[in-house]
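Here's the letter readout for the chains.
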Amino acid sequence: SNLQRLQWAASQVRGKLSRENWQALVELQREAANLETDDPDFGELLDFLNRLVMSLAALSGFALDDMTRDEGWRFLMIGRRIERLQFLSTSLAAFLRSDAVFDQDALDWLLELGNSSITYRSRYLALPQLIPVLDLLLLDDQNPHAVLFQLKLVTRSVKRLNEDFGAPQDRSLAALTQRLATFDLGCLEDGLFGESSIKAALHGLADLLQGIGEVSGQVSDRLALRHFAHVDDVSQRTVSV
(Lines give C-alpha, C1' and ligand atoms only; values in the text may rest on other atoms or scores of the structure.)
Protein backbone atom coordinates (compact mmCIF):
# COMPACT_ATOMS: atom_id res chain seq x y z
CA SER A 1 0.00 0.00 0.00
CA ASN A 2 2.78 2.43 0.89
CA LEU A 3 4.65 1.65 -2.32
CA GLN A 4 1.48 2.26 -4.36
CA ARG A 5 0.99 5.61 -2.63
CA LEU A 6 4.60 6.48 -3.32
CA GLN A 7 4.18 5.67 -7.00
CA TRP A 8 0.98 7.72 -7.22
CA ALA A 9 2.58 10.72 -5.50
CA ALA A 10 5.61 10.51 -7.81
CA SER A 11 3.35 10.37 -10.88
CA GLN A 12 1.79 13.70 -9.87
CA VAL A 13 5.17 15.45 -10.03
CA ARG A 14 6.74 13.41 -12.83
CA GLY A 15 8.10 16.52 -14.53
CA LYS A 16 10.11 17.49 -11.46
CA LEU A 17 11.89 14.15 -11.09
CA SER A 18 15.15 13.31 -12.77
CA ARG A 19 15.25 10.40 -15.19
CA GLU A 20 17.31 8.31 -12.75
CA ASN A 21 14.91 9.06 -9.91
CA TRP A 22 11.91 8.03 -12.00
CA GLN A 23 13.65 4.86 -13.20
CA ALA A 24 14.35 3.87 -9.58
CA LEU A 25 10.66 4.29 -8.75
CA VAL A 26 9.53 2.29 -11.79
CA GLU A 27 11.93 -0.54 -11.00
CA LEU A 28 10.75 -0.59 -7.39
CA GLN A 29 7.14 -0.84 -8.49
CA ARG A 30 7.97 -3.60 -10.98
CA GLU A 31 9.64 -5.72 -8.32
CA ALA A 32 6.72 -5.23 -5.95
CA ALA A 33 4.24 -6.26 -8.67
CA ASN A 34 6.14 -9.52 -9.19
CA LEU A 35 5.42 -10.47 -5.56
CA GLU A 36 1.63 -10.25 -5.99
CA THR A 37 0.79 -13.93 -5.93
CA ASP A 38 -1.62 -16.13 -4.00
CA ASP A 39 1.21 -18.22 -2.59
CA PRO A 40 4.28 -16.01 -2.06
CA ASP A 41 7.61 -17.56 -1.20
CA PHE A 42 8.86 -16.40 2.18
CA GLY A 43 12.49 -16.36 1.05
CA GLU A 44 11.61 -14.20 -1.94
CA LEU A 45 9.80 -11.78 0.33
CA LEU A 46 12.85 -11.42 2.57
CA ASP A 47 15.09 -10.89 -0.47
CA PHE A 48 12.70 -8.22 -1.71
CA LEU A 49 12.76 -6.43 1.65
CA ASN A 50 16.56 -6.42 1.59
CA ARG A 51 16.54 -4.91 -1.89
CA LEU A 52 13.83 -2.50 -0.81
CA VAL A 53 16.09 -1.03 1.87
CA MET A 54 18.70 -0.19 -0.76
CA SER A 55 16.12 1.20 -3.19
CA LEU A 56 14.61 3.47 -0.55
CA ALA A 57 18.09 4.63 0.44
CA ALA A 58 18.64 5.62 -3.19
CA LEU A 59 15.37 7.56 -3.26
CA SER A 60 16.37 9.29 -0.04
CA GLY A 61 19.66 10.25 -1.68
CA PHE A 62 17.81 11.76 -4.64
CA ALA A 63 15.74 13.88 -2.27
CA LEU A 64 18.73 15.05 -0.24
CA ASP A 65 21.03 15.77 -3.18
CA ASP A 66 18.76 16.82 -6.05
CA MET A 67 15.66 18.43 -4.58
CA THR A 68 15.39 22.22 -4.51
CA ARG A 69 15.25 23.51 -0.95
CA ASP A 70 11.79 25.00 -1.33
CA GLU A 71 8.73 24.62 0.91
CA GLY A 72 8.06 21.16 -0.49
CA TRP A 73 11.46 20.00 0.68
CA ARG A 74 10.87 21.48 4.14
CA PHE A 75 7.61 19.59 4.56
CA LEU A 76 9.23 16.40 3.27
CA MET A 77 11.99 16.66 5.89
CA ILE A 78 9.55 17.48 8.70
CA GLY A 79 7.42 14.50 7.69
CA ARG A 80 10.42 12.16 7.70
CA ARG A 81 11.51 13.41 11.12
CA ILE A 82 8.04 13.01 12.62
CA GLU A 83 7.73 9.49 11.21
CA ARG A 84 11.09 8.49 12.64
CA LEU A 85 10.21 10.06 15.99
CA GLN A 86 6.90 8.19 16.11
CA PHE A 87 8.48 4.89 15.13
CA LEU A 88 11.35 5.13 17.61
CA SER A 89 9.26 6.28 20.56
CA THR A 90 6.40 3.79 20.14
CA SER A 91 8.77 0.88 19.44
CA LEU A 92 10.85 1.64 22.51
CA ALA A 93 7.70 2.06 24.61
CA ALA A 94 6.50 -1.41 23.57
CA PHE A 95 9.93 -2.88 24.30
CA LEU A 96 10.11 -1.35 27.79
CA ARG A 97 6.74 -2.89 28.66
CA SER A 98 7.81 -6.36 27.49
CA ASP A 99 9.36 -9.17 29.52
CA ALA A 100 12.45 -9.18 27.28
CA VAL A 101 13.77 -5.85 28.50
CA PHE A 102 16.85 -7.43 30.15
CA ASP A 103 17.38 -10.14 27.53
CA GLN A 104 20.72 -10.00 25.70
CA ASP A 105 19.32 -10.96 22.30
CA ALA A 106 16.47 -8.49 22.68
CA LEU A 107 18.90 -5.64 23.36
CA ASP A 108 20.88 -6.64 20.26
CA TRP A 109 17.65 -6.54 18.28
CA LEU A 110 16.79 -3.13 19.73
CA LEU A 111 20.13 -1.70 18.60
CA GLU A 112 19.54 -3.12 15.12
CA LEU A 113 16.07 -1.58 15.08
CA GLY A 114 17.57 1.78 15.98
CA ASN A 115 20.39 1.35 13.44
CA SER A 116 22.89 1.96 16.25
CA SER A 117 24.73 -1.35 16.65
CA ILE A 118 28.01 -0.06 15.20
CA THR A 119 27.83 3.13 17.26
CA TYR A 120 27.25 1.11 20.43
CA ARG A 121 30.13 -1.29 19.79
CA SER A 122 32.57 1.49 18.97
CA ARG A 123 31.57 3.49 22.02
CA TYR A 124 31.24 0.86 24.75
CA LEU A 125 33.34 -2.10 23.52
CA ALA A 126 31.04 -4.39 25.49
CA LEU A 127 27.96 -6.53 25.15
CA PRO A 128 24.68 -4.58 25.14
CA GLN A 129 23.36 -3.62 28.55
CA LEU A 130 20.06 -1.93 29.26
CA ILE A 131 21.18 1.46 30.59
CA PRO A 132 23.83 2.28 27.94
CA VAL A 133 21.49 0.99 25.20
CA LEU A 134 18.71 3.29 26.41
CA ASP A 135 21.16 6.16 26.79
CA LEU A 136 22.19 5.76 23.15
CA LEU A 137 18.67 5.30 21.75
CA LEU A 138 16.88 7.78 23.99
CA LEU A 139 19.08 10.57 25.29
CA ASP A 140 22.06 10.89 22.92
CA ASP A 141 21.56 14.23 21.18
CA GLN A 142 24.34 13.38 18.71
CA ASN A 143 22.77 10.13 17.52
CA PRO A 144 20.28 10.79 14.67
CA HIS A 145 18.48 7.58 15.64
CA ALA A 146 17.89 8.71 19.23
CA VAL A 147 14.46 9.87 20.35
CA LEU A 148 15.78 13.07 21.96
CA PHE A 149 17.73 14.00 18.81
CA GLN A 150 14.65 13.68 16.62
CA LEU A 151 12.40 15.31 19.21
CA LYS A 152 14.58 18.42 19.35
CA LEU A 153 14.85 18.48 15.56
CA VAL A 154 11.09 18.24 15.04
CA THR A 155 10.46 20.92 17.67
CA ARG A 156 12.90 23.34 16.01
CA SER A 157 11.60 22.61 12.52
CA VAL A 158 7.96 23.17 13.49
CA LYS A 159 8.85 26.34 15.40
CA ARG A 160 10.75 27.78 12.41
CA LEU A 161 7.96 26.80 10.02
CA ASN A 162 5.29 28.49 12.14
CA GLU A 163 7.43 31.62 12.43
CA ASP A 164 7.89 31.82 8.66
CA PHE A 165 4.16 31.43 7.99
CA GLY A 166 3.03 33.60 10.89
CA ALA A 167 1.17 30.69 12.48
CA PRO A 168 0.62 30.20 16.24
CA GLN A 169 3.47 28.37 17.91
CA ASP A 170 2.86 24.71 18.72
CA ARG A 171 4.43 24.07 22.13
CA SER A 172 3.04 20.58 22.71
CA LEU A 173 6.42 18.89 22.19
CA ALA A 174 8.47 21.32 24.30
CA ALA A 175 7.34 19.94 27.68
CA LEU A 176 7.92 16.37 26.53
CA THR A 177 11.41 17.30 25.37
CA GLN A 178 12.22 18.68 28.81
CA ARG A 179 10.82 15.61 30.58
CA LEU A 180 12.81 13.20 28.42
CA ALA A 181 16.03 15.22 28.63
CA THR A 182 15.89 15.23 32.44
CA PHE A 183 15.01 11.56 32.84
CA ASP A 184 17.62 9.90 35.07
CA LEU A 185 18.55 6.46 33.77
CA GLY A 186 20.40 5.91 37.05
CA CYS A 187 17.09 4.98 38.65
CA LEU A 188 17.26 1.74 36.67
CA GLU A 189 20.61 0.77 38.16
CA ASP A 190 19.70 0.28 41.78
CA GLY A 191 15.98 0.48 42.41
CA LEU A 192 14.97 1.77 45.82
CA PHE A 193 12.48 -1.03 46.27
CA GLY A 194 14.14 -3.67 44.14
CA GLU A 195 12.80 -5.13 40.94
CA SER A 196 9.34 -3.63 41.39
CA SER A 197 10.67 -0.08 41.45
CA ILE A 198 12.78 -0.71 38.31
CA LYS A 199 9.73 -2.08 36.50
CA ALA A 200 7.70 0.94 37.60
CA ALA A 201 10.40 3.27 36.28
CA LEU A 202 10.49 1.40 32.96
CA HIS A 203 6.72 1.61 32.63
CA GLY A 204 6.80 5.31 33.45
CA LEU A 205 9.42 5.84 30.76
CA ALA A 206 7.32 3.78 28.35
CA ASP A 207 4.30 6.01 29.07
CA LEU A 208 6.41 9.09 28.34
CA LEU A 209 7.61 7.62 25.03
CA GLN A 210 4.08 6.59 24.07
CA GLY A 211 2.97 10.15 24.78
CA ILE A 212 5.74 11.49 22.53
CA GLY A 213 4.56 9.25 19.72
CA GLU A 214 0.94 10.33 20.11
CA VAL A 215 1.68 14.04 20.40
CA SER A 216 4.00 13.99 17.39
CA GLY A 217 1.16 12.45 15.39
CA GLN A 218 -1.14 15.25 16.54
CA VAL A 219 1.46 17.81 15.47
CA SER A 220 1.54 16.19 12.03
CA ASP A 221 -2.26 16.34 11.81
CA ARG A 222 -2.28 20.04 12.69
CA LEU A 223 0.35 20.79 10.06
CA ALA A 224 -1.66 18.88 7.47
CA LEU A 225 -4.83 20.75 8.39
CA ARG A 226 -3.14 24.13 8.25
CA HIS A 227 -1.11 23.71 5.08
CA PHE A 228 -2.75 20.99 2.99
CA ALA A 229 -6.48 20.94 3.78
CA HIS A 230 -7.42 24.11 1.89
CA VAL A 231 -10.78 24.87 3.44
CA ASP A 232 -12.16 28.13 4.82
CA ASP A 233 -9.50 30.40 6.35
CA VAL A 234 -7.83 27.73 8.51
CA SER A 235 -5.32 26.51 5.98
CA GLN A 236 -2.36 28.34 4.55
CA ARG A 237 -1.48 27.42 0.99
CA THR A 238 2.09 26.60 0.16
CA VAL A 239 3.51 26.66 -3.34
CA SER A 240 6.61 24.89 -4.65
CA VAL A 241 7.98 25.99 -8.00
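Below is a summary of the structure that appears in this document. (Residues numbered from 1 in each chain as written. Predicted model: local features only at pLDDT ≥ 70, side-chain atom pairs only at ≥ 80, totals over all residues. Heavy atoms only, no water.)

Attention shifts here to the overall build of the protein. On a plain count of helices and strands, the protein comes out with 10 helices and zero strands. When the helices and strands of the protein are placed in sequence order, the string is α-α-α-α-α-α-α-α-α-α. Counting only C-alpha atoms and orienting by the principal axes, one finds that the protein spans roughly 60 × 50 × 35 Å. Considering only intrachain contacts with a sequence separation of at least 6, the fraction spanning at least 24 residues in the protein is 59%. Of the charged side chains in the protein, 24 are positive and 34 negative, and the gap between their average positions amounts to 10 Å. (Helix = DSSP H or I, 4+ residues; strand = E, 2+ residues; numbered from the N terminus. Contact = heavy atoms within 4.5 Å. Lys, Arg positive; Asp, Glu negative; His and termini not counted. Charge placed at Lys NZ, Arg CZ, Asp CG, Glu CD.)

Quick look at the environment of Arg-222 now. In this structure, Arg-222 sits in helix H10 (residues 195–227). For Arg-222, a relative accessible area of 37% corresponds to the partly exposed category. Separated by 197 residues in the primary sequence, Arg-222 and Leu-25 place their C-alpha atoms 30 Å from one another. Excluding residues within four positions of it along the chain, Arg-222 makes contact with Asp-170 and Ser-172. (Buried < 20%, exposed > 50% of the residue type's maximum accessible area, 1.4 Å probe, protein only.)

A full pass over the atoms with the stated rule returns nine salt bridges. One salt bridge connects Arg-51 with Glu-31, and the closest N-O pair in it is separated by 2.7 Å. Within this pair, whereas Arg-51 is found in helix H3 (residues 42–66), its partner Glu-31 is found in helix H2 (residues 19–34), the two being separated by 20 residues in sequence. A relative accessible area of 40% places Arg-51 in the partly exposed class. Ionic pairing is found between Asp-170 and Arg-222, a salt bridge with its closest N-O pair at 2.9 Å. Taken together, the positions of Asp-170 in the loop between helix H8 (147–165) and helix H9 (172–181) and Arg-222 in helix H10 put the pair 52 residues apart, joining distant regions of the chain. (Salt bridge = Lys/Arg side-chain N within 4 Å of Asp/Glu carboxyl O.)

For the rest of this paragraph, the subject is helix H7 (residues 130–139). For H7, a buried count of eight out of 10 residues is recorded, marking the element as mostly surrounded by other parts of the structure. All buried positions along H7 are accounted for by Leu-130, Pro-132, Val-133, Leu-134, Leu-136, Leu-137, Leu-138 and Leu-139. Where H7 is buried, its residues contact helix H4 (71–97), helix H5 (104–113), helix H6 (117–124), H8, H9 and H10.

Here we take up a nonpolar patch on the surface. A cluster of nonpolar residues, Phe-42, Leu-46 and Leu-49, forms a patch on the protein surface that exposes about 310 Å² of accessible area. Position of Leu-49 among the secondary structure elements: in helix H3. Residue classification places Leu-49 among the partly exposed positions, given a relative accessible area of 45%. (Patch = residues over 30% accessible without salt bridge, like charges linked within 9 Å, V, L, I, M, F, W, Y side chains within 5 Å. Areas by Shrake-Rupley, 256 points an atom, 1.4 Å probe, with all protein chains shown as cover.)

Leu-96, Leu-134, Val-147, Leu-180, Leu-209 and Ile-212 are the most contacted members of the largest nonpolar core, which has 45 residues in total. At the level of secondary structure, the elements contributing two or more residues to this core comprise H4, H5, H7, H8, H9 and H10. Among the elements that take part in this core, H10 stands out by supplying 11 residues, more than any other. Non-local contacts of Leu-96, meaning those with residues more than four positions away in its chain, are made with Val-101, Leu-134, Leu-202, His-203, Leu-205, Ala-206 and Leu-209. Counting residues in hydrophobic clusters, the runner-up holds 11 residues, among them Leu-3, Trp-22, Phe-48 and Leu-52. (Core = buried A, V, L, I, M, F, W, Y, C linked by side-chain atoms within 4.5 Å.)

This next bit is on unusual backbone geometry. Even without glycine at this site, Asn-115 takes up a positive phi of about 50°. Among the secondary structure elements, Asn-115 is positioned in the loop between H5 and H6. Owing to a relative accessible area of 54%, Asn-115 belongs among the exposed residues under this scheme. A positive phi angle, near 50°, is found at Leu-125, a position not held by glycine. Looking at the secondary structure, you find Leu-125 in the loop between H6 and H7. Judged by its relative accessible area of 76%, Leu-125 is exposed.

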